[in-house]
Each structure stands twice: as structure tokens, then as C-alpha cells.
Amino acid sequence: MKNMKGMAVTQQITDMTREQLLEALERMRQRRAQWETLELQCMNAEEALLKKTGELEKRLRELDCLYALSDLVEKKGPLEDILAGTVGLLPGAMELKDIVSARLFVSGRTYRTSRFGETPWKLVRPVHAWGRTVGFLEVNYLEEPPRSPSALFEESEVKLVWAIAERLGRIIERKETEEKLRESEEKYATVVESTRDGIVIIQDHLFKYANPAMAEISGFPVHELTGKSFPDLFTADQRHLIHERYERRLSGGPAPPPVYETRIQRKDGTVRNVEISFTVIPFGKKPADMGFVRDITERVRAEEEIRKLAYHDPLTGVPNRFLFNEQFVLARARASRYGEKMAVLLLDLDKFKEINDTLGHKTGDALLQAVGKRLQESVRTEDLVARMGGDEFILLLQEIRSQKDAENTADKIVRAFRYPFLIEEETLSVTISLGIALYPDHGEDLEKLMKGADKAMYSVKATTRNGFETYRGDPKT
């Protein structure tokens with residue numbers, strides 16, 4: 001009985017061990033299956049990684065090519081160097097780089113790799129610039145590649161050649177534009193530097209640029225003009241014009257005059273007449289004035305000389321009848337507006353013909369010149385002395401209050417002529433007869449006043465000479 005119990009226990013233990021072993025074996029089979037799955041996954045991952053690595057290597061070659069092309073452009077070398085360098089970059093970007101050659105044809109010029117051969121295994125892409133075809137980019141295998149004829153070049157390689165061809169078109173456009181711009185700037189710089197007119201750029205009242213002609217006009221070297229106050233270049237009485245123009249431009253009101261005639265003071269203190277025209281330009285992202293300055297000093301002198309010849313007596317230098325008429329109209333307008341009086345004085349020399357006939361015309365002319373000078377010294381600066389012709393002179397006295405003022409001036413003139421003249425070592429004594437007519441008492445137009453003064457003058461000649469008389473009006477009939 002006891003033995004039977006022992007055998008039952010042993011059998012129970014044996015049965016339990018078998019189940020455990022079966023379970024262990026099952027677990028081992030499952031683990032092996034997992035390992036096999038993991039091994040397959042690792043192999044697949046390794047294959048995918050190798051494939052990805054290959055793709056990355058291709059992409060790196062392509063990027064290296066594109067970056068190298070960008071470097072060529074950034075070096076700002078000539079277009080020919082960029083085109084030749086681009087051809088040299090292409091083989092290295094291809095997977096079968098050892099058997100690849102390249103050629104670029106642009107605008108009649110050809111660039112190629114040192115090992116170039118034209119074969120049936122090629123890829124050709126056009127180069128476009130300015131909306132037209134300017135050449136082509138060609139990649140050749142030097143020998144038949146180990147690929148099917150339908151796929152000589154990989155898709156990425158085709159895209160790369162397309163991208164480079166497109167970029168070359170943009171580079172050609174850019175470089176040709178830069179070249180034209182450079183030529184334009186050189187021409188502009190040549191014109192600006194060689195022109196006889198001053199060219200300046202003014203911003204915030206300061207010189208930002210001045211060409212050599214401006215330095216010559218102003219007497220200041222270019223480096224001294226740069227940063228100098230622009231208004232300070234002008235004479236004190238002209239600076240308000242420059243400030244006024246600047247304020248009018250900023251205010252947006254009526255446009256300032258396009259051209260100014262003004263005066264500048266050179267570094268040596270001399271004054272020059274200049275003509276300035278302005279235009280507004282952008283300069284350093286801010287508006288600035290570009291000024292064109294022309295020295296017109298000689299022109300102004302010539303105009304003044306022409307005016308002097310037209311309005312002054314060529315012998316004595318005093319105003320002539322034309323200028324006297326103009327000044328009379330202006331003076332009459334003022335006198336009428338302010339209720340003032342004026343006087344017209346007409347005079348000639350007593351016995352001048354005898355001096356002329358006795359001593360000659362040369363002496364007579366010198367005497368007339370001295371007479372004109374003495375008359376100008378005998379009146380105020382606002383009064384006017386003019387020569388009518390021969391030995392006859394006419395004076396306009398402005399802003400007088402009464403007849404007495406005119407007669408005092410006339411008396412001063414008569415007394416001044418009691419002093420002799422020294423003409424070419426000859427002492428000449430000469431007297432004058434002088435007639436006075438008043439505005440508006442004796443007339444309001446010059447013709448009436450001259451007739452009145454003339455009658456008064458001849459009244460003096462007919463009596464005493466060497467004196468003056470005021471017109472008393474025509475006798476009533």
C-alpha cells in the first residue's frame with residue numbers, strides 16, 4: 001500500500017515536468033521566430049538605410065555642384081569664368097562621374113571639360129535668357145553606361161541638368177545687366193567728372209557729393225566741400241533763396257523755381273555768379289537734391305556790358321536818354337503813389353562850341369567826361385544824371401518836397417561849375433545854364449516837363465547865363 005502511494009507521487013511529478021518542458025520548448029520556438037523576424041527587419045532596415053545613404057550621397061553631390069556654382073557667381077568674376085567653371089562642376093555631380101564629360105555652348109562660344117567626347121549617350125538641355133534660347137548644356141558618357149538605354153540618366157541627374165541650365169540663363173541675364181550697368185556708370189562717372197558744370201548732391205543742407213568742376217567753381221577742394229553747409233557757400237544776401245527753396249520743397253506747396261541765378265563766395269573771398277538747377281533724387285534711402293551749377297560770371301559781365309552800351313552814353317559813361325526814360329516812368333509811379341514831387345533839370349554848357357573849335361574835339365570830349373562826373377558828384381545817389389547829346393545833360397531829382405529843394409540842388413550845381421577843369425594840362429573854366437520843371441506842377445509826362453525845363457534854360461541863356469531858372473508856365477493869351 002505504501003509502495004503504491006509512492007509510485008503515484010512519482011508519476012505526478014513526472015507528468016508536471018513534461019508539461020513544463022513542452023512549455024519551455026514552445027517558448028523557445030516563439031523566441032526563435034521573433035529572432036528571425038527581427039533579423040529580417042534588420043536586413044530590410046539595413047537595405048533601406050543603404051538606399052537612403054546612396055540617395056543622400058547623390059543629393060550631396062548635386063548640392064555640392066549647385067553651391068559651387070553659387071560660389072563662382074559670388075566671386076563676381078567675368079561671365080566666361082563662371083561658364084567654364086560650371087562645365088567643370090557637372091561630372092562630379094553624376095553617379096558615373098568617371099565616364100562623364102560636359103559641354104556648354106553660349107552666344108557663339110564653347111566651354112568643355114578636358115575629357116570631352118561626343119557620343120550617343122547624352123543629355124542636352126537648352127539655356128534661355130531674355131526670353132530666347134542663347135545656347136545649350138550637354139552631358140555625355142564617354143562610354144556606354146551599365147544602364148538600360150531608356151534610363152541612361154537618373155531622374156535626379158536630369159533634374160540637376162535642367163536646374164543648372166535654368167540657373168545659367170539667370171546668371172547670363174544678371175551678368176550682362178551688371179556689365180551694361182557698369183558701362184553706364186563708367187560713362188556717367190566720366191561725364192560727371194569731366195563736365196565743366198558743377199554737380200552736387202545736397203542732403204539736410206550738407207554737401208554729400210561734389211565733382212571736380214564744383215571744386216573749381218567754388219575754390220574749395222572736393223574733400224573740403226564734402227560735409228560743408230550748402231547755404232554757407234552763398235553770399236549772405238542770397239542764402240535766404242536756398243533756405244526758401246528747401247522749405248517749399250518740404251512743405252509740399254507750390255514748386256520752387258527750377259533754376260536760380262545767384263552768387264557764391266569762393267574760398268578766396270571772390271564772388272562768382274552762378275546758375276543752379278535742382279532735381280530731387282533718392283540718396284541713402286532718403287530724398288536729396290541733385291544740383292547742377294554753372295558759372296555764369298562772364299555771361300553776366302557781358303550782359304552788363306551790353307546793357308551799359310545800350311543804356312549809357314559811350315563817351316561820358318552816364319545814363320543815356322533811353323535809361324532816363326525808363327527811370328522816369330518808375331519814379332513817376334512812386335511819386336504818384338506817395339504824393340511826392342520830382343524835378344527835371346535840363347542844362348548845357350555855355351560857349352562849349354568855342355572850346356571845341358579852339359582846342360579840338362579831343363579836349364571837348366575830355367571836358368564832357370569831366371562834366372558828367374562833376375554832375376554825378378553834385379547830386380544824391382537816388383537822383384539820375386543823363387546825357388541828351390552834344391553838351392546837353394538832363395537830371396531827375398526824386399523824392400523832393402518842394403520847389404525849393406530842386407532850386408537848392410540847381411544852385412549847388414551852378415556853384416560847382418565855377419571851379420575850373422584841368423583837361424590835358426589845360427585849365428578850362430566853363431559855366432552852365434540850367435532850367436527846372438516840377439512834377440506834377442508843370443506836367444505829368446516827360447515831354448511836357450522837358451519842354452518847360454528847356455524854356456527855363458533858354459531864358460537863362462538869353463539873360464545872365466551861369467545860373468538857373470524854374471519854369472513859370474506859358475503866358476496866358
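Basis of the calculations
Residues numbered from 1 in each chain as written. Predicted model: local features only at pLDDT ≥ 70, side-chain atom pairs only at ≥ 80, totals over all residues. Heavy atoms only, no water. Helix = DSSP H or I, 4+ residues; strand = E, 2+ residues; numbered from the N terminus. Buried < 20%, exposed > 50% of the residue type's maximum accessible area, 1.4 Å probe, protein only. Areas by Shrake-Rupley, 256 points an atom, 1.4 Å probe, with all protein chains shown as cover. Pairing = 2+ DSSP bridges. Axes fitted to C-alpha atoms, helices over the stretch in contact; angles between N-to-C directions. Contact = heavy atoms within 4.5 Å. 1 Å grid on protein atoms, 1.4 Å probe; cavity = no way out; pocket = protein on both sides within 12 Å on 5 of 7 lines; lining within 4 Å. Points joined across faces, edges and corners; volume = space filled by probe spheres on them. Nonpolar A, V, L, I, M, F, W, Y, C, P; charged D, E, K, R; others polar. Phe/Tyr/Trp six-rings, centres within 6.5 Å; stacked < 30°, edge-to-face > 60°. Lys NZ or Arg CZ within 6 Å of the ring centre and 35° of its normal. Expected span 1.5 Å × (residues − 1). Polar contact = N/O pair within 3.5 Å; in protein donor to acceptor, adjacent residues only side chain to side chain. Core = buried A, V, L, I, M, F, W, Y, C linked by side-chain atoms within 4.5 Å. Right-handed = clockwise from strand over helix to strand, strands pointing away.

Caption draft 1: Inspection of the overall build of the protein chain at higher detail. In terms of regular secondary structure, the protein chain is built from twelve helices and 16 strands. Taken over 477 residues, the protein chain has a buried fraction of 37%. Per element, the accessible surface of the protein chain, about 28900 Å² overall, is 54% carbon and sulfur.

Caption draft 2: Spotlight on the sheet that holds strand S3 (residues 122–129). One open sheet accounts for four strands, arranged S2-S1-S4-S3; its pairing is antiparallel. Each of the sheet's edge strands pairs with one partner strand only, and the pair in question is strand S2 (109–112) and S3. With strand direction ignored, the average angle separating the axes of adjacent strands in the sheet is 15°. The sheet strands contacting helix H2 (residues 79–89) are strand S1 (100–106) and S2, and the helix crosses S2 at an angle near 40°.

Caption draft 3: Region of the structure containing the layout of surface pockets. Within this model, the largest pocket holds a volume of roughly 210 Å³. As for the largest pocket, its lining consists of Thr195, Arg196, Asp197, Ala213, Glu216, Ile217, Arg294 and Asp295. Looking at the lining of the largest pocket, the elements that each hand over two or more residues are helix H4 (212–218) and strand S9 (286–295). The element contributing the most residues to the lining of the largest pocket is H4, with three residues. The calculated volume of the second largest pocket comes to roughly 170 Å³. Taken together, 15 residues line the second largest pocket, and the ones lying closest to its centre are Ile202, His205, Tyr246, Arg249 and Asp289. If one sorts the elements of the lining of the second largest pocket by residue count, helix H6 (residues 239–251) sits on top with five residues. For the lining of the second largest pocket, a count of residues per class yields eight nonpolar, two polar and five charged.

Caption draft 4: Structural view of the pairing of S2. When S1 meets S2, the two strands line up antiparallel, connected through four bridges. From the neighbouring strand, phenylalanine 105 faces S2, where its bridge partner is threonine 110. Between the antiparallel neighbours S1 and S2 lie two residues, among them serine 107 with a positive phi of about 50°.

Caption draft 5: Region of interest: the sheet that holds strand S12 (residues 392–400). Judged by pairing direction, the sheet is mixed, and its five strands sit side by side in the order S11-S12-S10-S15-S16 without closing on themselves. Unpaired on one side and paired on the other, strand S11 (384–389) and strand S16 (467–470) mark the two borders of the sheet. Between one strand and the next, the sheet's axes are offset by a mean angle of 20°, whatever the strand orientation. As paired strands, strand S10 (residues 341–349) and S12 are joined by seven bridges and run antiparallel to one another. Bridging across to S12, alanine 343 finds its partner in leucine 397. Where helix H8 (residues 321–338) meets the sheet, its contacts fall on S10, S11, S12 and strand S15 (432–439), and the angle it forms with S12 comes to roughly 20°.

Caption draft 6: The packing of aromatic side chains, seen in detail. Evaluation of the coordinates by the stated rule reveals seven aromatic pairs. When the centroid spacing of 6.2 Å and the interplanar angle of 90° are considered together, the rings of phenylalanine 230 and phenylalanine 278 count as edge-to-face. Separated by 48 residues along the polypeptide, phenylalanine 230 in the loop between helix H5 (222–225) and H6 and phenylalanine 278 in strand S8 (residues 271–283) bring together distant segments of the chain. Classification of phenylalanine 230 as buried rests on a relative accessible area of 4%. Connected via pairs of aromatic rings, a cluster forms that spans Phe207, Phe230, Phe234, Tyr260 and Phe278. Lysine 228 extends its terminal NZ or CZ atom over the ring of phenylalanine 220, reaching a point 4.6 Å from the ring centre. The ring centre of phenylalanine 421 lies 3.7 Å from the NZ or CZ of arginine 374, which sits over that ring.

Caption draft 7: Quick peek at helix H10 (residues 361–378). Helix length check: H10 (18 residues) gives 25 Å between terminal C-alpha atoms against 26 Å at 1.5 Å per residue, within 8%. Burial in H10 covers these residues: Thr363, Gly364, Ala366, Leu367, Leu368, Val371, Gly372, Arg374, Leu375 and Ser378.

Caption draft 8: Expanded view of the side chain of lysine 461. Position of lysine 461 relative to the elements: it lies in helix H12 (residues 446–462). Its relative accessible area of 16% is what places lysine 461 among the buried residues. Of note is the side chain of lysine 461, whose polar atom sits 2.7 Å from the side chain of aspartate 348. A polar atom in the side chain of lysine 461 sits 3.2 Å from the side chain of aspartate 350. For lysine 461, the residues in contact, after removing those within four places along its chain, are Asp348, Leu349, Asp350 and Ser433.

Caption draft 9: Structural context of the nonpolar core. Ranked by internal contacts, the top residues of the largest apolar core, which has 31 residues, are Leu345, Leu349, Leu367, Ile413 and Phe417. Those elements that provide at least two residues to this core are S10, helix H9 (352–359), H10, S12, helix H11 (403–416), strand S13 (421–423) and S15. Here this core takes five residues from H10, the largest share from any one element. Apart from residues lying up to four places away in sequence, leucine 349 is in contact with Leu367, Leu368, Val371, Asp391, Phe417, Val430, Thr431, Ile432 and Lys461. Among the nonpolar cores identified, the runner-up in size contains 29 residues, and Met94, Ala102, Leu168 and Ile171 belong to it.

Caption draft 10: Spotlight on the environment of serine 378. Position of serine 378 among the secondary structure elements: in helix H10. Sequence separation between serine 378 and alanine 410 is 32 residues; the distance between their C-alpha atoms is 9.2 Å. Residues in contact with serine 378, not counting those within four places in the same chain, are Lys412, Ile413 and Ala416.

Caption draft 11: Inspection of H12 at higher detail. Taking 1.5 Å of rise per residue, 17 residues should cover 24 Å, and H12 covers 24 Å from first to last C-alpha, within 8% of that figure. Those residues of H12 that fall on the buried side of the exposure criterion are Leu446, Leu449, Met450, Gly452, Ala453, Ala456, Met457, Val460 and Lys461.

Caption draft 12: Looking closely at the pairing of S16. Two elements, S15 and S16, share four bridges in a ladder whose sense is parallel. When the sheet's bridge partners are listed, isoleucine 436 is paired in S16 with threonine 470. Once you follow S15 into H12 and on to S16, the crossover reads as left-handed.

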